[in-house]
Amino acid sequence: MSVLGERELDAVRQAFAALERDVELTLELGPSAEGAVVLTGRRELDPGPEALALVEQVAELSERVRLTVHQREEPGRYPALQFGDGLVFHGLPWGYELSSLVYGIADASAAESPLSAETRTALESLERPVELEVYVTPT
Amino acid sequence: MLLAHRLALASPHVTAAGVEASEFPLSADRYGVLAVPAVVVDGRLAWAGNVPEATFVARLLARDAVSG
């Protein structure tokens, strides 16, 4: 199943040409969806296969991107896509901009953090672990 | 969300998740998410809207100062 068009594929290839390090993507798929998700345009789909098709297609565009897929049986928020040591995204990656998926991979591949020196210094003074969850909607 | 991702990559103390609110409305409701992007810190809705990098980090450090 091809999810992306030629223009999108070219754009992703260009972005991936600058990847500096290998990136491990881990996609967790759950038991069958509770119900089909209806996206803008009234298209109904099962998010699991859709997420798999998209992430597989993106991962194939760079040798630096390695994809591992797990099928989970326990309840959870699936699909869940882990970007290296960074963020895990719960939901259909197609539901947000493709660019977020690509930039997320690019950031996880960066040899040096794009954060400012001030931010990195400030992070070192964090005294306790912090758990962040950012809620977003499809754009 | 990209900023949370970058913070998690830069610090072993930070774990970050992005959640598609319309796919997981029960999670969003639990935290009282009404507008996006909404940032939940340690299980509590902290703020909604995009903020500059320095502000984001300052708020995380303020959490240490208040409750640490």
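The coordinates are above.
Here's a quick rundown of the structure. (Residues numbered from 1 in each chain as written. Chains lettered and ligands numbered in written order. Predicted model: local features only at pLDDT ≥ 70, side-chain atom pairs only at ≥ 80, totals over all residues.)

**Some remarks on the nonpolar core**
With 50 residues, the main nonpolar core has Tyr135(A) and Ala4(B) as its most contacted residues. Among the elements that make up this core, the one with the highest residue count is helix H1 (residues 2–10) of chain B (six residues). Apart from the residues within four sequence positions on either side, Tyr135(A) is in contact with Val19(B), Ala21(B), Ala28(B), Val33(B), Val36(B), Pro37(B) and Ala38(B). (Core = buried A, V, L, I, M, F, W, Y, C linked by C-beta atoms within 7 Å. Buried ≥ 20, exposed ≤ 12 C-beta atoms within 10 Å, placed from the backbone. Helix = DSSP H or I, 4+ residues; strand = E, 2+ residues; numbered from the N terminus. Contact = placed C-beta atoms within 7 Å.)

**A look at the interface of chain B and chain A**
With 39 residues of chain B in contact, the opposing surface of chain A contributes 42 residues. At the level of elements, H1, strand S1 (14–20), helix H2 (25–30), strand S2 (38–41) and helix H3 (53–67) of chain B are the ones that each hand at least two residues to the side of chain B that touches chain A. For the side of chain B that touches chain A, the element with the highest residue contribution is H1(B), accounting for eight residues. Tallied by class, residues from the side of chain B that touches chain A come to 25 nonpolar, eight polar and six charged. The pairing of strand S7 (residues 130–136) of chain A with S2(B) spans four bridges and is antiparallel. Across the sheet, residue Leu132(A) finds its bridge partner in S2(B), namely Val41(B). (Nonpolar A, V, L, I, M, F, W, Y, C, P; charged D, E, K, R; others polar. Pairing = 2+ DSSP bridges.)

**A closer look at the environment of Ala21(B)**
By secondary structure assignment, the location of Ala21(B) is in the loop between S1 and H2. Sequence-distant contacts of Ala21(B), defined by excluding residues within four places in its chain, comprise Tyr135(A), Val136(A), Thr137(A), Ala28(B), Val33(B) and Val36(B).

**Observations concerning helix H3 (residues 98–109) of chain A**
With twelve residues, H3(A) should cover 16 Å at 1.5 Å per step; its first-to-last C-alpha distance of 17 Å lies within 8% of that length. Turning to H3(A), its buried residues number three or more, namely Leu101(A), Gly104(A), Ile105(A), Asp107(A), Ala108(A) and Ser109(A). Those residues of H3(A) hidden inside the fold are in contact with strand S1 (23–29), helix H2 (47–59), strand S4 (65–71) and strand S5 (80–83) of chain A together with H1 of chain B. (Expected span 1.5 Å × (residues − 1).)

**A few points about the sheet that holds S7(A)**
Strand order in the open sheet formed by eight strands is S4(A)-S1(A)-S5(A)-S6(A)-S1(B)-S7(A)-S2(B)-S3(B), with mixed pairing between adjacent strands. Single-partner strands in this sheet number two, and they are S4 of chain A together with strand S3 (44–48) of chain B. In this sheet, adjacent strand axes meet at a mean angle of 20° when their direction is disregarded. In the packing of H2(A) onto the sheet, the strands contacted are S1, S4 and S5 of chain A, and the crossing angle to S1(A) comes to about 165°. (Axes fitted to C-alpha atoms, helices over the stretch in contact; angles between N-to-C directions.)

**Focus: the environment of Leu9(A)**
Residue and element names in this part refer to chain A. Considering the arrangement of structural elements, one finds Leu 9 in helix H1 (residues 6–16). Note: C-alpha distance between Leu 9 and Arg 21 (twelve residues apart in sequence) is 20 Å. Every residue in contact with Leu 9, bar those within four places of it in the chain, is listed here: Leu 4 and Leu 61.

**Description of the packing of H3(A) against H1(B)**
Between H3(A) and H1(B), whose axes approach to 10 Å, the crossing angle comes to 20°. Here H1(B) runs roughly parallel to H3(A), going by the angle between their axes. Crossing handedness for the pair H3(A) and H1(B): right-handed. Contacts between H3(A) and H1(B) pair Ser100(A), Tyr103(A), Gly104(A), Asp107(A) and Ala108(A) from the former with Leu2(B), His5(B), Arg6(B) and Leu9(B) from the latter. In terms of residue class, the contact of H3(A) with H1(B) is made up of four nonpolar, three polar and two charged. (Parallel < 35°, antiparallel > 145°, perpendicular 65-115°, else oblique. Left-handed = near helix turned anticlockwise from the far one by under 90°.)

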